[in-house]
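Structure assessment
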Amino acid sequence: MKKYTMKDYVEETYDIALENVEKYESLTDELYQYCMNKDINRIWFVASGSSYNALQGAYPFMKKLLPYEVKMVTPYTFTYYENHIGKEDVIIVITQSGLSTNAIQAIQKVNQLGLYSICLTGNVDSDVKLYAKKVIDYGVKEELVGYVTKGVSLLTLFLFLWTIRFVPDQKTNYLSKIKQAILYQKQVKEKTYAFIQEHYQDLSSMRISYCCGAGGSYGVALEGALKIGETIHIPSFAYEIEEYIHGPNLQLTPNYTVFIFDTNDEASSRISQIYEATKKVTNHTFMISNHKLYAQDKHVLYMDMEIDTEFLSFIYLPFVQLISYVISSDLQSVKQHPLLKEFKKIADAKTENFVNYDDDE
C-alpha cells in the first residue's frame with residue numbers, strides 16, 4: 001500500500017473541494033434539514049485540535065450569516081465545565097477520525113443530558129457511530145496521515161457550504177465566492193513551494209515560532225502553530241495579532257520566527273505596523289498579504305486577490321501545511337521521542353482502533 005504524505009493530501013484538496021461544492025446540497029442536507037426542523041437559539045460546536053482550528057476558520061462566516069448564535073468549545077471543557085444547554089440548543093461534536101476519546105466523551109455527555117447527539121466526522125464507520133445518534137460525513141474521504149491537512153480545509157469548506165443553505169437569496173453570490181476561495185487556495189499552495197525554497201535557510205533553522213492572525217485569519221494562525229509544533233517539533237505558539245504585542249513579543253530575539261497572516265480589511269494597517277516592528281527584531285519575519293505595498297517584499301507571500309476576509313484562513317492553509325511538511329520531512333523531525341509511547345499508554349488521545357499510519361514500524 002502506498003504510504004501517503006501530508007503533501008499528497010494537500011495536493012488532493014483542490015479537486016475534492018470542487019466536487020463538494022458541486023454536490024453541496026446533498027453533502028450538507030442532513031445537518032441542514034435537522035436544523036430547519038427545530039426551533040434553535042444556539043448551535044454549539046464541540047471540537048479540538050485541527051478540527052477546532054477549521055471551526056475557527058469558518059466561524060467569522062458562520063457568525064455573519066447564520067440566524068443562530070454560534071458557540072465553540074473544546075470537548076474536555078464541554079464534558080466537565082461548560083455544558084449548560086438550553087432546550088433550543090443544538091450540539092454538534094466534530095472529530096475527523098471518529099476515534100478521538102475526548103470527542104466520544106463529549107458525545108456521551110450530550111447523551112447523559114438527555115439531548116440529541118450529532119457527530120460531524122470524516123469516518124462514519126468509526127467508533128463514534130456507537131455513541132452518537134446521528135453521524136454525518138463532511139466529505140473528506142480518506143486521510144491516512146495523523147497530521148491532517150485535507151481534512152482541515154474540507155471541514156472549513158463544509159461549514160461554508162452548510163451556512164449558505166440558510167441564506168438562499170444570497171446563495172449564488174456566495175457559491176461564486178467560495179469557488180474563488182478554492183482557486184486562491186490552490187494559488188497559495190503553488191506559490192508556497194517557491195517561497196519555501198527562497199527562504200529555506202530561515203525555515204529549516206527555526207527554533208521558536210509565533211503565528212499571529214485575527215478575525216478571518218485567526219484560524220490559520222492556530223493551525224500553523226499546531227502543525228509546526230506537531231511536525232517540526234519546536235515550541236510554536238498562536239496569538240491574536242494585538243495580544244502578541246502585549247507580552248509575548250517581549251521575549252523576541254533575532255532567533256525567533258514570526259508568521260503574520262494579514263486580514264486584508266480595516267485592521268490591516270495595524271497588522272502592517274506590527275509586521276514592520278517585528279522585522280526590527282528578527283529577520284525571520286514572514287507574512288501573507290494582498291496589499292500592493294508588499295508586492296515586492298521577499299518576506300511576504302503576496303496574493304493579488306479581492307475576497308471577503310472570512311475566507312482567508314481557508315485560503316492560507318496550504319502555506320502552513322507545506323512549510324510543516326517540507327521542513328519536517330527534510331529534517332526528519334516528525335518522528336516522536338520513544339518515551340511518547342509510554343505517555344500514550346497512560347493517557348492516549350485515540351481509541352484502541354486508531355491506526356498510526358505515520359509510524360514506520
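It should be noted that the structure appears before, not after, this text.
The structure contained in this document is the topic of the report that follows. Just so you know, these numbers come straight off a predicted model, no measurement behind them.

Considering all chains together, one arrives at two cavities of 30 Å³ or more under this definition. Approximately 40 Å³ is the volume found for the largest cavity. In terms of lining residues, the largest cavity is bounded by V10, T13, Y14, Q185, K186, K189 and P318. Elements represented by at least two residues in the lining of the largest cavity include exactly α1 (6-22) and α7 (171-198). One number sums up the size of the second largest cavity: a volume of about 30 Å³. Of all the secondary structure elements, the ones that give two or more residues to the lining of the second largest cavity are α3 (49-65), α6 (150-164), α9 (218-231) and α12 (312-331). For the lining of the second largest cavity, the leading source of residues is α3, giving three residues. Residue composition of the lining of the second largest cavity, by class: four nonpolar, five polar and no charged.

A complete count under the given rule lists 17 salt bridges for this structure. Here E242 and R270 are joined by a salt bridge, their closest N and O atoms 2.9 Å apart. Here E242, found in helix α10 (residues 241-244), pairs with R270, found in helix α11 (residues 268-279); they are 28 residues apart in sequence, far enough to count as distant. A relative accessible area of 23% means that E242 is categorised as partly exposed. Look at R270 and you get partly exposed, because its relative accessible area is 35%. Here the salt bridges share partners, and the residues they tie into one network are K64, K177, D308 and E310.

Okay, the state of the cysteines next. A complete count under the given rule lists zero disulfides for this structure. Sulfur of C35: no disulfide; nearest cysteine sulfur belongs to C119 and is 15 Å away. Residue C35 is classed as buried on the basis of its relative accessible area, which comes to 0%.

Working definition: an aromatic ring pair is given by the centre-to-centre distance plus the angle between the planes. Applying the stated criterion across every chain, the model contains 26 aromatic pairs. Seen from their ring centres, Y210 and Y239 are 5.3 Å apart, and the 80° between their planes marks the pair as edge-to-face. Residue Y210 is located in strand β6 (residues 209-213), and its partner Y239 is located in strand β7 (residues 236-240); the two are separated by 29 residues in the primary sequence. Both rings, one in F261 and one in F319, keep their centres 6.2 Å apart while their planes meet at 80°; by these two values the pair is edge-to-face. Here F319 lies in helix α12 and F261 lies in strand β8 (residues 257-261), a separation of 58 residues in the sequence. Neither residue differs from the other here; F261 and F319 are each classed as buried. Feature note: the residues F195, F259, F261, F286, Y316 and F319 constitute an aromatic cluster, connected by ring pairs. The ring of W44 is capped by K71, whose NZ or CZ atom sits 5.1 Å from the centre of that ring.

In contact at an axis separation of 9 Å, helix α2 (residues 24-36) and α6 are set at 65° when each is read in the N-to-C sense. Crossing of α2 against α6: the hand is right-handed. Judged by residue contacts, Y24, L27, T28, L31, Y32 and C35 of α2 engage F158, L161, W162 and I164 from α6. Class assignment of the residues belonging to the contact of α2 with α6 gives a composition of nine nonpolar, one polar and no charged.

This paragraph deals with the sheet that holds strand β5 (residues 134-137). Strand order in the open sheet made by the five strands is β2-β1-β3-β4-β5, with parallel pairing throughout. Of all the strands in the sheet, just β2 (69-73) and β5 have a single pairing partner and so form its edges. Across the sheet, the mean angle separating the axes of adjacent strands is 25° when strand polarity is ignored. Alignment of strand β1 (residues 42-46) against β2, held across five bridges, turns out to be parallel. In the strand pairing of β2, V46 is matched with V73. α2 contacts β1, β3 (89-95), β4 (118-121) and β5 of the sheet and is inclined by roughly 145° relative to β5.

The next point concerns the layout of surface pockets. If you add up the space inside the second largest pocket, you get close to 150 Å³. Here the lining of the second largest pocket gets four residues from one element, more than from any other, and that element is α7. Classifying every residue of the lining of the second largest pocket gives seven nonpolar, no polar and four charged.

Another point: the pairing of β3. Among the seven residues that make up β3, seven are buried, leaving the element largely enclosed by the rest of the structure. As paired strands, β1 and β3 are joined by five bridges and run parallel to one another. Residue pairing for β3: I43 is matched across the bridge by V90. With four bridges connecting them, β3 and β4 associate as parallel partners. The partner of I92 across the bridge, within β4, is I118. Crossover connection from β3 via helix α5 (residues 101-112) to parallel β4: handedness right-handed.

Definitions and cut-offs
- Residues numbered from 1 in each chain as written.
- Predicted model: local features only at pLDDT ≥ 70, side-chain atom pairs only at ≥ 80, totals over all residues.
- Heavy atoms only, no water.
- 1 Å grid on protein atoms, 1.4 Å probe; cavity = no way out; pocket = protein on both sides within 12 Å on 5 of 7 lines; lining within 4 Å.
- Points joined across faces, edges and corners; volume = space filled by probe spheres on them.
- Helix = DSSP H or I, 4+ residues; strand = E, 2+ residues; numbered from the N terminus.
- Nonpolar A, V, L, I, M, F, W, Y, C, P; charged D, E, K, R; others polar.
- Salt bridge = Lys/Arg side-chain N within 4 Å of Asp/Glu carboxyl O.
- Buried < 20%, exposed > 50% of the residue type's maximum accessible area, 1.4 Å probe, protein only.
- Disulfide = S-S within 2.5 Å.
- Phe/Tyr/Trp six-rings, centres within 6.5 Å; stacked < 30°, edge-to-face > 60°.
- Lys NZ or Arg CZ within 6 Å of the ring centre and 35° of its normal.
- Axes fitted to C-alpha atoms, helices over the stretch in contact; angles between N-to-C directions.
- Left-handed = near helix turned anticlockwise from the far one by under 90°.
- Contact = heavy atoms within 4.5 Å.
- Pairing = 2+ DSSP bridges.
- Right-handed = clockwise from strand over helix to strand, strands pointing away.

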